[in-house]
Each structure stands twice: as C-alpha cells, then as structure tokens.
Amino acid sequence: MTHSNYFKEFIRYTFLNILGMLALSFYILADTFFIARGIGINGLTALNLAIPVYSLINGCGLMLGMGGAIKYAIYKSRNDTFRQNAVFTNSIYMAIIPVLIFVLCGIFLPGAIARLLGADEATWAMTRTYLRVILLFSPAFILSNILNAFVRNDGDPKLAMLATTTGCLSNVFFDFIFIFPLQMGILGAVLATGFAPVINMAILSAHFRKGKNQFHLISLKPDLKLTASTSMLGFPSLITELSSGIVIIVFNFVILNLQGNTGVAAYGVIANLSLVVSSIFTGIAQGMQPLTSRTHGSGDYTVVQKVRHYALTLMLLLSAIVYLFVFIFADPITAAFNSEHSRQLQQIATIGLKLYFVSTPFMDYNIIMAVFLASTERPVPAQIISLLRGLIIIIPMTILLSSLFGMTGVWLSCPASEGLVALIAMIILLTRTPHRKDEQTHAS
C-alpha cells in the first residue's frame, strides 16, 4: 500500500472508531441527563459514585480485547492462522475470572461497595441498586469489548462502529422509557445501560453469520505465557479506563469534604463530559491501533511513524475545538443537568468545566501514546505512562492542590498531572523509539 492509501485507511478506521466511542460514552451521558431530570441531585450523586465500578468492568474488557486484538493483528500480518485463533480462544478463557468476580460481587456485595465508594443515607439505596445491576451485566460488557476489538482488527471497523452505536442508541431509548413513562428510577437507568452491550453483541454476530471472521474458537488449553503477553499489551487500556474511575473516587471524597453532595453532583457533570471527550481520543487511538500493529508486524517502521503522526495531528486539532466548545458553553452545559436549578451546583460546575478541561490536549496525547507504544509491542513504557496518569501522579496532586487551593485546586489537579505525564511521555518516546533497522530486526 502507498502512504496515501494508509492515510485513507487511517481516516476510515479513526472516523468509525470515534463515532463508536462517542456513542459508547453518550449512553453514560444520557444516564446523567435523564437521571438529573427524572431523579434529581441525589440520583446524579449515586450515578457518579457508581461510575468507577463501570470503568473497572469496561477496563477489564478493553484490556482483554485490545491486548488480544494487538496480538491478533500482528499474527494476521504474518499469516499465522493457528496463533490468530489461539489468541482469540485464550482471550475468552481470560474473561472467565473477572466475570466470576464481578457477578459474585453483584450478588453479595453491592451495598458494601456503595458504602466504600462514599454513599451516605441519602444516596446508598440508589447506589447499591446501580452497582448490583451493572455488576450482573459484566459478562455482556466484557465479551462485547473483546468481540468489538477482534472484529475491528479483522477488517470490519464499520460493523464494529454500527454495533457500538446501535447498542448505545438503544440505551438512550430505554433510559427515557424506563425513567419517565415507567417511573423505574435508578433501576431503569442501569437496566438501559446493561442492555446496550447485549444489543452490541447481537449485531457483531453478523460477522460470524456471514462467514467473514478469520478467527474462531479452537480446542486449546489456557496458555499462561500468551495470557501474560496479551495482558501486558492490553494493560494500558485497562489503566486508561480505570484511571477515570480512580480519579472519580478520589475527587468524590475530596469534594464531599469541601462541598458535600451538591459538589459531587456538580463534579458528576464534569466527570461524565470528560468520558465523552476522552472517548473521542480513545477512538483515534483505537483507529490507529490496527494499522500500527499490522505494519509493525510486517516490519514497515516508516509507516508506523506516519500513522502516529496522523493521530497526533488530528488529536491537536480536535483538542483545540473541544476546549473552545467547553469554555464557551460551560454555563448552558451545566444548566442542562441542573434540573433543580441549584445556584451552588451551577457555579461549581461552570468554573470546574473551564479549569478541568485545560487538561484536554495533555490527556489526549497520553491516551494516544500509551496505545501506540502497546500496539508496537512496547508494553513497559506504555504501562509507565498509564500508571503515572492513572495512579502515581494524579492522586497526590489532587490531595496537595485541594489542600492548598480548595475547589480550584481540585479542578487544576488534572491539568497539572496530565501535563507532567505528557512531558514524561515525550521523553520516553524520544529515548525509547527504535531505529528502523532495530524495529525490523525485532519484527522478524
């Protein structure tokens, strides 16, 4: 393929993945909007307390899906049919353990987890309900992530996007029906969310029914070595997703002490909008991944770097657009979720949006670089970037800046930590990027 063909393929994969990821995040935003309108501040607080568990479930699915799909794309570029099928089969085996853990937690521990996440008497019952149902639907979330990643890397990004989009639009439809006409409250919201991955998988099954799949289950014992290698490649995707949940937990506890439930509800608006924004750039990263893995597998390092350049250029353009939009429309965005017309919530969230989203270009650069490094079989630097932004820097930065500057410090902790990680990521890229000869040797 020529470079112009790779550019066209990059645009196709990226555009379709951005649409799919936007739809994926949109149904969380729909939950936020309908819960805010139909249930109120306590419902919005309960949703925000429960979102970290959803992030953990989704992160496990992304780890298994992305890690397996990266390996799959590399073996596919080398026409290694047995290893292609082995990777898929082993990815399904790997899903069994987290699925069992999540389902058991959903049956026996939702109330205890709700308390652990900070729910009080006003929000505990709703938080427990949301957690129980989302945990019981975890098999669907994890399996749909695995299938989506493999179908995308099997040359059908259009079907992957269609499945994700349709599943998410169904969530919006059921959200409205369950919360308003049927008056099911928080249970209706979480049931609508749980139905989305089921519909997603029903549509993805067309890839198998039409015989387009170049992967299938085979008779194979679980392979611990393959499990380790795919987990390492997918681990940055887990941390990227998990980091948003960890940040939400830390922010929730800090904000509860500073502004109470209203402050957490205000942060709920920001956190959910942040999921939408990060999904755009996760879409870029996931659109880039099949191309970088494939060309890395075939040893064409020049094209690998071209694709990375395309991704970063698009990232900078969209980051500027996103921040301008958030800055200009911060007040009406907050008002859309402020059904009780709370002046305190309006003020906290409006200021927070303008400060928090300064992190947009740094956060997006970190997401793309972590996936790029993992997709070219450099899991250690990818993991370093993901761990720094998800755990090691953001938590102490939030505690430090909030103690110094109150709520302003809370909002600025994300730009400060993401900016620092972006600087470290640039250094890693400059010092760990192999020469073309080294890359081709490694690929062989």
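To start, this report covers the structure provided alongside it. Position numbers for residues start from 1 in each chain and track the written sequence from start to end. Where local features are concerned, this predicted model is filtered to residues with pLDDT of at least 70; where side-chain atom pairs are given and counted, the filter is 80 or more; whole-chain, interface and lining totals use all residues. Excluding hydrogens and water, the side-chain figures rest on all heavy atoms present in the structure.

**A closer look at the nonpolar core**
Our working rule: Throughout this description, the term nonpolar core refers to a set of buried Ala, Val, Leu, Ile, Met, Phe, Trp, Tyr and Cys residues connected via side-chain atoms within 4.5 Å. Think of it in three bands: with a 1.4 Å probe and only protein chains considered, a residue is buried below 20% of the maximum accessible area for its type, exposed above 50%, and partly exposed in between. Secondary structure counts use DSSP, requiring at least four H or I residues in a row for a helix and at least two E residues in a row for a strand, with both numbered from the N terminus. We call two residues in contact whenever any of their non-hydrogen atoms come within 4.5 Å of each other.
Ile134, Ile142, Tyr267, Tyr356 and Trp411 are the most contacted members of the largest nonpolar core, which totals 139 residues. The element best represented in this core is helix α10 (residues 224-298), accounting for 28 residues. When near neighbours in sequence (up to four residues on either side) are disregarded, Trp411 contacts Ile255, Tyr267, Ile270, Ile348, Ile351, Gly352, Leu355 and Tyr356.

**Quick look at the environment of Leu136**
Tracing the backbone through its elements, the reader meets Leu136 in helix α5 (residues 124-136). Relative accessible area serves as the criterion here: at 40%, Leu136 is assigned to the partly exposed category. Taking C-alpha positions, Leu136 is 39 Å from Leu316, a pair spaced 180 residues apart along the chain. For Leu136, the residues in contact, after removing those within four places along its chain, are Val103, Gly106 and Ile107.

**Comments concerning the side chain of Ser359**
Note the cut-off: Any pair of N or O atoms that falls within 3.5 Å is considered a polar contact. Within protein, one atom must be able to donate a hydrogen and the other to accept it, and sequence-neighbouring residues count only if both atoms are side-chain atoms.
As for its position among the elements, Ser359 is in the loop between α13 (343-356) and α14 (360-375). Taking relative accessible area as the criterion, Ser359 reaches 1% and is therefore assigned buried. From its side chain, Ser359 meets the backbone oxygen of Tyr356 in a polar contact 2.8 Å long. Not counting chain neighbours up to four residues away, the residues in contact with Ser359 comprise Cys414, Pro415 and Glu418.

**Observations regarding the environment of Pro415**
In this structure, Pro415 sits in helix α17 (residues 407-432). Taking C-alpha positions, Pro415 is 21 Å from Pro381, a pair spaced 34 residues apart along the chain. For Pro415, the contacting residues outside a window of four places in its chain are Leu355, Tyr356, Val358, Ser359 and Phe362.

**Some words on the packing of α10 against helix α16 (residues 394-405)**
Applicable threshold: Comment: axis = line fitted to C-alpha atoms, over the contacting stretch for helices; angle = value between 0 and 180 degrees taken between N-to-C directions. Any angle between 65 and 115 degrees counts as roughly perpendicular, while under 35 counts as roughly parallel, over 145 as roughly antiparallel, and the rest as oblique. Less than a right angle of anticlockwise turn of the near helix away from the far helix marks a crossing as left-handed, whereas a clockwise turn marks it as right-handed. Side-chain classes follow a simple rule in which Ala, Val, Leu, Ile, Met, Phe, Trp, Tyr, Cys and Pro form the nonpolar group, Asp, Glu, Lys and Arg form the charged group, and the remainder, Gly included, forms the polar group.
It is at 10 Å that the axes of α10 and α16 come closest, and there the two elements cross at 20°. In terms of orientation, α10 and α16 fall into the roughly parallel class. Crossing hand, α10 versus α16: right-handed. Across the interface between the two elements, Ile246, Val247, Val250, Phe251 and Val254 of α10 pack against Ile394, Ile395, Thr398 and Ser402 of α16. Residue classes in the contact of α10 with α16 are distributed as seven nonpolar, two polar and no charged.

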